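Breakdown of the fold
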Amino acid sequence: MKRTYNNINLQNRNSFGVIEQADRLVEFETADDLKALFSEERPSKWYVLGAGNNTLFTQSYNGTLISPTCSARTTLNDDGEYVDVRVEAAHDWDEFVAWSVDNGLWGVENLSAIPSSVGAAPVQNIGAYGAEVKDAITAIDYFDTNKLEVVRLKCEECQFGYRESIFKHKLRGVAIILAVEFRLHRTPTPNLGYGDVIREVEARGGATLRNIREAICAIRASKLPDPKVLGNAGSFFKNPIVDKSVAEQLLQSYPDMPHYPVPNDANSVKLAAGWLIDKSGLKGYREGHVGVHNRQALVLVNHGGATGGEVLHFAEFVCSVVHNKFGVDICPEVNIL
Ligand code: EPU
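Rules behind the numbers
Residues numbered from 1 in each chain as written. Predicted model: local features only at pLDDT ≥ 70, side-chain atom pairs only at ≥ 80, totals over all residues. Heavy atoms only, no water. 1 Å grid on protein atoms, 1.4 Å probe; cavity = no way out; pocket = protein on both sides within 12 Å on 5 of 7 lines; lining within 4 Å. Points joined across faces, edges and corners; volume = space filled by probe spheres on them. Helix = DSSP H or I, 4+ residues; strand = E, 2+ residues; numbered from the N terminus. Nonpolar A, V, L, I, M, F, W, Y, C, P; charged D, E, K, R; others polar. Pairing = 2+ DSSP bridges. Axes fitted to C-alpha atoms, helices over the stretch in contact; angles between N-to-C directions. Contact = heavy atoms within 4.5 Å. Parallel < 35°, antiparallel > 145°, perpendicular 65-115°, else oblique. Left-handed = near helix turned anticlockwise from the far one by under 90°. Domains from an automatic or database assignment. Buried area = accessible area lost by both parts, 1.4 Å probe. Salt bridge = Lys/Arg side-chain N within 4 Å of Asp/Glu carboxyl O. Buried < 20%, exposed > 50% of the residue type's maximum accessible area, 1.4 Å probe, protein only. Near = heavy atom within 4 Å. Polar contact = N/O pair within 3.5 Å; in protein donor to acceptor, adjacent residues only side chain to side chain. Areas by Shrake-Rupley, 256 points an atom, 1.4 Å probe, with all protein chains shown as cover. Core = buried A, V, L, I, M, F, W, Y, C linked by side-chain atoms within 4.5 Å.

Left-over empty space is what a probe sized like a water molecule reveals as it rolls over the atoms. Roughly 190 Å³ of volume is contained in the second largest pocket. Taken together, 14 residues line the second largest pocket, and the ones lying closest to its centre are Gly107, Glu109, Ala131, Asp135 and Asn191. For the lining of the second largest pocket, the secondary structure elements donating two or more residues are β9 (131-132) and β12 (175-185). Counted by class, the lining of the second largest pocket contains four nonpolar, six polar and four charged residues.

This is how it looks when you write it as structure tokens:
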């Protein structure tokens, strides 16, 4: 069943907590609801709003926001080792991770405590602590608003990359994700190579699924602000990928600069935007209602009462300071409307 709300206040529908409005918001449950919406009166301007964890509204939205409410989780197959699970778009991401850990299923534990809905997770290929959601996805069903039918994509067809997928490019403005299918497994595959993870896991008694989840939840809670307390959208910027020669030059001046290889691209290097912002002297810096978080410089926060326009203006300021200091351009990871 679909439900329509007119002139809706978005403050409780975006994790930044910015005060903006939308002309219309339509909640849908099934592909038939979407078929009815797009065949009866195709909205001229629309955007899919999941749980609103990665979207910044910079002004009132004069179009239709489309939001899923379907949240079923179904086990499709269990052969004793691999378990295939289908999860609908509005299912909370972390509740799915918690369920998999409770059931002894490996594959998504490093992605614990990421604020997201399941439907939004593949759009930016959420990733943390050496894992990306693409590694657990087998297929995605979406509603194609041009063809007015459900289309199924295999994982290999989703063009996943670092914070990238086909849903941000070719299928932007076309696809509405209905459900994601995952393959989890029972053989333990602890992935502890990133940062503090191994230390925190060992402090809890070793690499069990539960200890990994608890360690990651604790690391995230110590660095990342809780959006319920301080409005934010996680990392505001992507880590920039630069030419190897640019990284080498910077390393001469800043030998301690974090830098990471880019898979399948020996000529590029990934830098840490949080480090660049921090070294630009902006960690904890605040202007009016908006600031850089004081424990993780990659996160911009709404100290209360900010408009989306103010957040955008502040983000542009951060980019210009980093550019002036390092000559590196950092770009938002958050969807800006
Ligand atoms: N750093 C600083 N100062 C800071 C922040 C970071 O010097 O204020 C340095 C760190 O010391 C480290 C490097 O920068 O050497 C990287 O920092 P960190 O390990 O915290 O990870 P990140 O690159 O800042 C990424 C993801 C996060 C994810 C973490 C952990 C992106 C854009 N962000 O952050 O994802 O949780 O790795 O895996 O890739 C998100 O997308 O919303 C998000 C939180």
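Bringing the sheet that holds strand β2 (residues 21-28) into the picture now. Taken together, the four strands give an open sheet; going across it, the order is β1-β2-β5-β3, and neighbouring strands pair in mixed fashion. Both edges of this open sheet fall to β1 (3-9) and β3 (46-48), since each of them pairs with a single strand only. Sheet twist, expressed as the mean angle between neighbouring strand axes with direction ignored, is 25°. In the sheet, β1 pairs with β2 via six bridges, with the strands oriented antiparallel. Across the sheet, the residue bridging to Thr4 is Val26, located in β2. Docked against the sheet, helix α1 (residues 31-40) engages β2, β3 and β5 (61-68), running at close to 135° with respect to β2.

Let us now look at the packing of helix α2 (residues 93-102) against helix α4 (residues 209-223). Where α2 meets α4, the closest approach of the two axes is 9 Å, and the angle between their N-to-C directions is 150°. The pairing of α2 with α4 is recorded here as roughly antiparallel in orientation. Judged by the twist between their axes, the crossing of α2 over α4 is left-handed. Here Asp94, Val97, Ala98, Ser100, Val101 and Asp102 of α2 come into contact with α4, specifically with Leu209, Arg210 and Arg213. A breakdown of the residues in the contact of α2 with α4 according to their chemical character gives four nonpolar, one polar and four charged.

So, on to the domain arrangement of the protein. Interface size is often expressed as the accessible area that is lost when the parts come together. Per the domain assignment, the segments of the protein are domain 1 (3-68), domain 2 (73-185) and domain 3 (231-336). Taken over C-alpha atoms, the centre of domain 2 sits 27 Å from the centre of domain 3. Facing the six residues of domain 2 at the interface are six residues of domain 3. Of the roughly 550 Å² buried where domain 2 meets domain 3, counting both sides, 36% is carbon and sulfur surface. It is Tyr162, Arg163 and Lys168 in domain 2 that bury the most area against domain 3; as a group they hold 72% of the surface buried on that side. Here domain 2 and domain 3 share two salt bridges between them. The salt bridge partner of Glu164 is Lys238, with a shortest N-O separation of 2.8 Å. Here the residues of the side of domain 2 that touches domain 3 sort into one nonpolar, one polar and four charged.

At Tyr129, a residue that is not glycine, the phi angle is positive and equals roughly 50°. One can find Tyr129 in the loop between β8 (127-128) and β9. Judged by its relative accessible area of 12%, Tyr129 is buried. One non-glycine residue, Gln159, lies in the positive phi region at around 50°.

Turning next to the pairing of strand β15 (residues 259-262). Strand direction decides the pairing type here: β15 and strand β16 (residues 265-271), joined by four bridges, are antiparallel. Opposite His259, over in β16, you have Leu271 as the bridge partner. Where β15 folds back onto β16 in an antiparallel hairpin, the turn is made up of two residues, including Asn264, whose phi is positive at roughly 60°.

Looking now at the site of the ligand. In the vicinity of the ligand there are 23 residues, among which Tyr129, Tyr162, Arg163, Tyr194 and Asp278 approach most closely. Within the side chain of Arg163, a nitrogen or oxygen atom sits 2.8 Å from an oxygen atom of the ligand. At 2.8 Å from an oxygen atom of the ligand is found a side-chain nitrogen or oxygen belonging to Asn239. Calculation on the ligand without its partners gives an accessible area of 810 Å², and the protein chains cover 81% of this total.

Another aspect to go through is the nonpolar core. In this structure, Trp93, Phe96, Phe167 and Phe182 are the most contacted members of the largest nonpolar core, which totals 46 residues. Dropping the residues within four chain positions of it, Phe96 is found in contact with Arg73, Val85, Val87, His91, Val108, Val118, Phe182 and Leu184. Counting 43 residues, the second-largest nonpolar core is a separate cluster that includes Phe16, Ala297, Val311 and Ala315.

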